[in-house]
Amino acid sequence: METENFMQNFIPIKQFHSVHVLMSGLFMLICSAVTVGCGASDGFRPIDDSSAVFWDRQTVESANLLREISDEFNAIYTGLPIKVERSGNYTEIFRKVSASIRARSLPAMAVAYESMTSEYIPTGAVVPLDAFIYHPELGLSQDDLDDIFPAVLQTNRFDEFEGKMYSFPFAKSVLMLYFNRRVLDDADIVAPPKTWDEFLRQSRQIKQQTGKYALAMNVDCSTIDGLIFSMGGEVIAGRETLFDSPASIGVFELIETMVKEELVYQITPGTYDDEVALVNDQVAFTLRSSSGLSNVMLAMDNDKSRWGLAHIPQVNIDSPATVLYGPNVIIFNTTHEQQEAAWEFIKYFTDTDVGVRWALGTGYLPIRKSAISHPDLQAHWADWEYNRAAYDSLVFAKPEPNVAGWQQVRSLVENAQTEVLTGMKSGRQAAIDLKQSADRALAQHR
Amino acid sequence: MRKLLVYILLSFGAVITMWPFLWMLTTSFKTLPEATHGGLTLLPSEWQWSNIRNTFEAAPFGRYFFNSFLVAGSVTCAVIITSLMAGYAFARLYFRGREILFILVLTTMMVPFEVILIPNFVLIGKLGWYNTYAALIVPWCANAFSIFLMRQAFLNVPQDYYDAAKVDGCGHLRYLVKIGAPLVKPMVVTIGLFAFLGSYNALLWPLIVTTDEAMRVVQVGIMAFYGDAGTRVNLLMCASTVVILPTVIIYFLAQRYLVESPLGAGIKG
Amino acid sequence: MDTLLAKLDDLFDSGANRFRDAPIAFFLLLPSLTILFMFAFLPMMYAFYMSLFGGKQGMGDFVGLGNYTDAFSSSAFWNSVLVTIYYVVGTVPITLLISFIVAYALYRIAFARGFFRTLYFLPYITSTVAAAMVWRVFYNTQTGYINAVLDKLGLPAQQWLLEPRGVLHLITAGWIPHDIGPSLALCCIMLFDIWQGSGFMIVIFLAGLSAIPRELEEVARIDGARSHQVLRHITLPLLSPTLFFLAIIGTIRAFQSFNSFYALTQGGGRTLGTTENLILHIYANFYEYGFWGYGTAVATLLSLAIMLLTLIQWRLIGRRVHYG
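All figures in this text were calculated on a predicted structure; none of them were measured in a lab. (Residues numbered from 1 in each chain as written. Chains lettered and ligands numbered in written order. Predicted model: local features only at pLDDT ≥ 70, side-chain atom pairs only at ≥ 80, totals over all residues. Heavy atoms only, no water.)

1. Section: the sheet that holds strand β5 (residues 109-112) of chain A
All names here are of chain A. In space, the five strands of this open sheet follow the order β3-β2-β5-β17-β8, with mixed pairing throughout. What marks the edges here is a single partner per strand, and that holds for β3 (82-86) and β8 (168-169). Two strands pair when backbone bridges link them, and β8 and strand β17 (residues 328-331) are joined in this way by two bridges, in the antiparallel orientation. Following the sheet pairing, Phe168 is matched in β17 by Val329. The sheet contacts of helix α15 (residues 336-350) involve β2 (52-56), β3, β5, β8 and β17, and relative to β17 the element is tilted by about 155°. (Pairing = 2+ DSSP bridges. Helix = DSSP H or I, 4+ residues; strand = E, 2+ residues; numbered from the N terminus. Contact = heavy atoms within 4.5 Å. Axes fitted to C-alpha atoms, helices over the stretch in contact; angles between N-to-C directions.)

2. As for empty space enclosed by the protein
All names here are of chain A. Inspection of the entire model under this criterion finds twelve cavities of 30 Å³ or more. A volume near 110 Å³ is recorded for the second largest cavity. Looking at the second largest cavity, it is lined by 13 residues, and the ones nearest its centre are Thr350, Gly355, Leu365, Pro366 and Ile367. Going through the elements one at a time, α15 and α16 (352-362) are the ones with two or more residues in the lining of the second largest cavity. With four residues, the single largest contributor to the lining of the second largest cavity is α16. (1 Å grid on protein atoms, 1.4 Å probe; cavity = no way out; pocket = protein on both sides within 12 Å on 5 of 7 lines; lining within 4 Å. Points joined across faces, edges and corners; volume = space filled by probe spheres on them.)

3. Considerations on the interface of chain C and chain B
In this assembly, 93 residues from chain C lie in contact with 93 residues from chain B. Across the chain C/chain B interface, buried area totals approximately 8400 Å², and carbon plus sulfur atoms make up 77% of it. Together, Leu28(C), Phe39(C) and Tyr145(C) form the three largest contributors to the area buried by chain C at its contact with chain B, with a combined 9%. On the surface where chain C and chain B come into contact, there are zero salt bridges. On the surface where chain C and chain B come into contact, there are nine residue pairs in polar contact (both at pLDDT 80 or more). If you tally residues by element for the side of chain C that touches chain B, the top one is helix α2 (residues 22-50) of chain C, at 20 residues. For the side of chain C that touches chain B, the residue count by class is 72 nonpolar, twelve polar and nine charged. (Buried area = accessible area lost by both parts, 1.4 Å probe. Salt bridge = Lys/Arg side-chain N within 4 Å of Asp/Glu carboxyl O. Polar contact = N/O pair within 3.5 Å; in protein donor to acceptor, adjacent residues only side chain to side chain. Nonpolar A, V, L, I, M, F, W, Y, C, P; charged D, E, K, R; others polar.)

4. Digging into the nonpolar core
Residues Phe54(A), Phe168(A) and Phe285(A) are the most contacted members of the largest nonpolar core, which totals 338 residues. Grouped together as the second largest cluster of nonpolar side chains are six residues, Val111(B), Ile116(B), Phe41(C) and Met44(C) included. (Core = buried A, V, L, I, M, F, W, Y, C linked by side-chain atoms within 4.5 Å. Buried < 20%, exposed > 50% of the residue type's maximum accessible area, 1.4 Å probe, protein only.)

5. Here's the deal with the packing of aromatic side chains
How two aromatic rings sit relative to each other is given by the distance of their centres and the angle of their planes. Residue and element names in this part refer to chain C. Enumeration according to the criterion identifies 81 aromatic pairs over all chains in this entry. Lying over the aromatic face of Phe291, Lys56 brings its terminal NZ or CZ to 6.0 Å of the ring centre. It is Arg253 that lies over the ring of Phe200; its NZ or CZ is 4.3 Å from the centre. (Phe/Tyr/Trp six-rings, centres within 6.5 Å; stacked < 30°, edge-to-face > 60°. Lys NZ or Arg CZ within 6 Å of the ring centre and 35° of its normal.)

Next up, the structure:
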C-alpha cells in the first residue's frame, strides 16, 4: 500500500519536480562554489588571537608538567601567552590539523611526527624554522646547535623540501630492550644479550628452562626500522626502500625463526600488553621506546632489582644503532606574533635546565649533550644503573625517513611484520614483497 | 511452567550480555597491576575505593558532565520537535515534491559520517562556531532516522482521527499539537532516547570541534586515561562506568513509555 | 495557546486542491530541512566535488572520474568490498533473529520487565570505545577470558582478533584455504557488533510488538489457536512493518560500521586487510595517507551502493508488508 501511494504521487508531479530539481540543483551548485571559492583565500588565521595555542597529546602527569613549564614561560615572556590544549592522540591531531588547514584556521604550534609534517608542508601551513634558528637575535648560537645531538636535528630536516628544518625536537626517546631479571635468573642468564646471536641463544634457553616466551612483540614500523638499523642496514635511499637488503631480510628471518620455535608472540595492537607481560614475569624481553620507563617502574612496584633497560642487540657491537622515537613540534604559518611566541617557547623548553626537568618528569630524553653534566640528571643516573642506558643510546640513534607518503609505507611494514608473526609468509618473502609494495606506494605520493 | 523456562533463558542471556559490564565495574576497583593481570579472576582482592577519587581528580569531570548533559539535552529536545514537525508533514500533508524531498532526506542517512566530517568542520570554522556549544548542538538537531520513524508513527495513526478533528474545525497545527503528538508518545520517547544516546556517546565530532578544556564532553574527557606509555585501565573503567550511569537511569525510567499503546484506547472511543 | 494555533492554521489555509498543504508543509519542514541541508546535504555535495580531484589534502588537479577508475582497479578496494559483504551478511540477519527472540520474550513476561529490558539494552548504551576495550581484554591471546576458558576445557587457544586466517579454514582444519570466507578476526568483530547492535533492535521490536492490539491475540486464543499459530498468523504479519524497517536500517548501519572495527583493531593493517571494510579503507586513504579525492570517491561509491540496496530491499520486501 505504501509503495503504491508512492508510485501514484510520483507520476503526476513529474512535471513539477523537474523545476524543483533544477532550482535546488542550481542552489546547491552556487553554495558549493561559494564554499570552495572561499577556501582559496590566502593566509591562515590563528584560532585564538589572544594566545598562542599549542595542540599537544600529553595526558595526566606530563600534561601537568607541560602546563607548569608554559606558565613559567608566560610569566617572563612579554608577547602572546602559550596555551596548551590536549587534542587527542597523534592520529587525531593529524586529522584535526588536516581539517584546520582546509578551514584556513590554525593554532600557533602542534606536535607532529615527521611523516605527518611532510604531509603538511606542501599546503604551506608550516613555517620553516631556519629563519628563526639563524636569526641574529632570536636564534640559537652555533654552540647551542652543536650541543644538540645531531640525529635529533637531522630528523627535522626535510631533504625533499630543500633540506629546510620544518620542525624542532620535542619529546625524544629511543628503542630499547626491556628485560625481566626474574625470568632471566630462572633461565640461568646473567646479563641481557649484546648481539643478535646471543639474543637468539638466550631466547632458546629461556624457552627450554622456563617454558615461557622470550619476547612479546608489538607490531610497529619504528621497531622494525630500529631492528634493521641494528643489523647494520638502512631503510631508504632517496625514494627507494631497502627492505630487500640483507639487514632487512635478517630482521624478518629472525622473527620467522622465533615464531617457528615459539619464542615470540604478537600482542594486541594499540595496547601495551607486552609491558604488562613483562611486569607479570611472563616474558623476558620487550622492545619498546625508552619513554615507557616510568610507567613500567610504577607497574613493577618501584622494585629496581626486578628489571632493567639495555641497548638493543646489535650485529656489530662496534657500530651500534637504534631508532629515534618521539614527536617534534611544528609552528604554523599564522601571524608573526604567534610564530614568535611559539619559537621563544621552543627555545625555553629545549634549554638545558628545562630540558632536564622535562626529561626527569616524563621519561623523554634531553636533547642536549650538556645535559650530561647537569646535577639532577647525574643524581638520577646514580639512583639506578639503568637510568643511563637510554641517554647512552641517543648517541647512536638514527632517525626514520621523513619522505612524503611514509605514512602508507608504515602500514605496509606492519602488514609484513604481521605476515611473518602469524606464520603466513616466510621472512625472506615478506621482506621482498614489502620492498615492492613500499616502492609502489611511494611512487603514488610523488 | 513455560514462563519459568523463558525466565531462565532470559537470565542466562542477561548474564552473557552483562558480563563485560561486570568486568568493567569490578576492574574499576582494582589496582593497576591487578587490573592488567588478566586470567579468570573477576573480583578485586582488595576494593580500592580511592580509585573513584583519583579518577575524578584527574580531570574536571564536573564540567564535562555539565557540557554533556547540556548538549545532549538540547539535541534531544530539538530532534523531538523537528522530527514531529517533519514526520507529520511527510505523513499527512499533500504538497509538491513530497516524495522527492523524503527520498533526499533518506539519502542523508546513507553517507558515512567520517566522510562529511571535514566539510562540516570547514563550515563550522566559517560560521565562527569553533569551540562553541553551537557547533556541538546545531548540526544534530535534525536527522533522517528520526524523521523516518516519526513518519511511520503518524502513518499508523488512523485517518479517522484527523477527519474527526477536522469536522470540529481543527487545522493541521492544532491537530498536531493537541492530538497527534500525544498519540505518538511512544515514538517520541524512542526518538528522544536515541537522540540523547547519540549525542551523549559521540566522540569523534566533539573531539574535532572543541579543544578548550571548558568545552569538553565526558567522552573526550575519558581519553585522558589513555596515557602516552600505557593505559590506566582501572581508572579508565571507573570513569567509563560512571559515564554510563546517567544513560542507564534515563533508559530505566523511560522504557515504560516505550511500550504503551494508546491506540487501543483511541479506537474504541 | 489554542487560539494562537487556530489563527496560524487559518493563515496557512490555502483552499482545497491536491497540493493545498504546501505553505504549512513548508513551515513544518523548514527547521529540519535547513539543518539537513547545511550539515548533511551540502557536505555530501562537497565530498562528491572533492572526489573529482586527485592529489593529496585536496590540492590536486581535476581528474574527473579518475579516482573511481583507480578504485575499480585496486585490489585493496575489492578486498574491502568483500569484507563489507561478509560483515553485513554475517551480522544483520543474526542480529534481527536474536533481537526478535529476546524482544518477544521480554514482551511476554510480566515480572521484572523493566529490569530485564534495561539489562539487554545496556550494550547499546555503552560507548563503543569502552565496550571494545573490554572485549579486547576478553579476546586477549595470553591473558583473556576466552582462551582461559578454552584452556580449562583442554582446547587449543586461538588468536581471535589477531587471526587473519579464515574461520572456515580453522574449523575444517585446513581443508578450506585460509583466504576463503571471513577471517576469525572479522568474526570476532561481528560477534561484538551483534552483542552491541541487538539492544537497539530489541527496543524497536518491543515498540512494534506493543503497537499490536492485544485483543487480536486474545481473540485468537479464545478461538483455540496455540501460541505458535498466534505468532505466525497474527503477530508476525502485524510486526512486518517493524521488521522491514529494521532490516533496512540495520543494513544501512552495517555498511557504515566504523567505530567497532577501529576500536577493536586500530585499523586494518594488522590483520592483513581481512578486517578492512569499505569505511576503514576510506578512512586510511583519507585521513592517514591524505588521498582526499580517492577517499571521497570510494565514499560516493559506498553511498550509491547503499542507496541501490535500500531501493531493492524496499521494492522486494515492501510488497509483503502489511499495514494496519
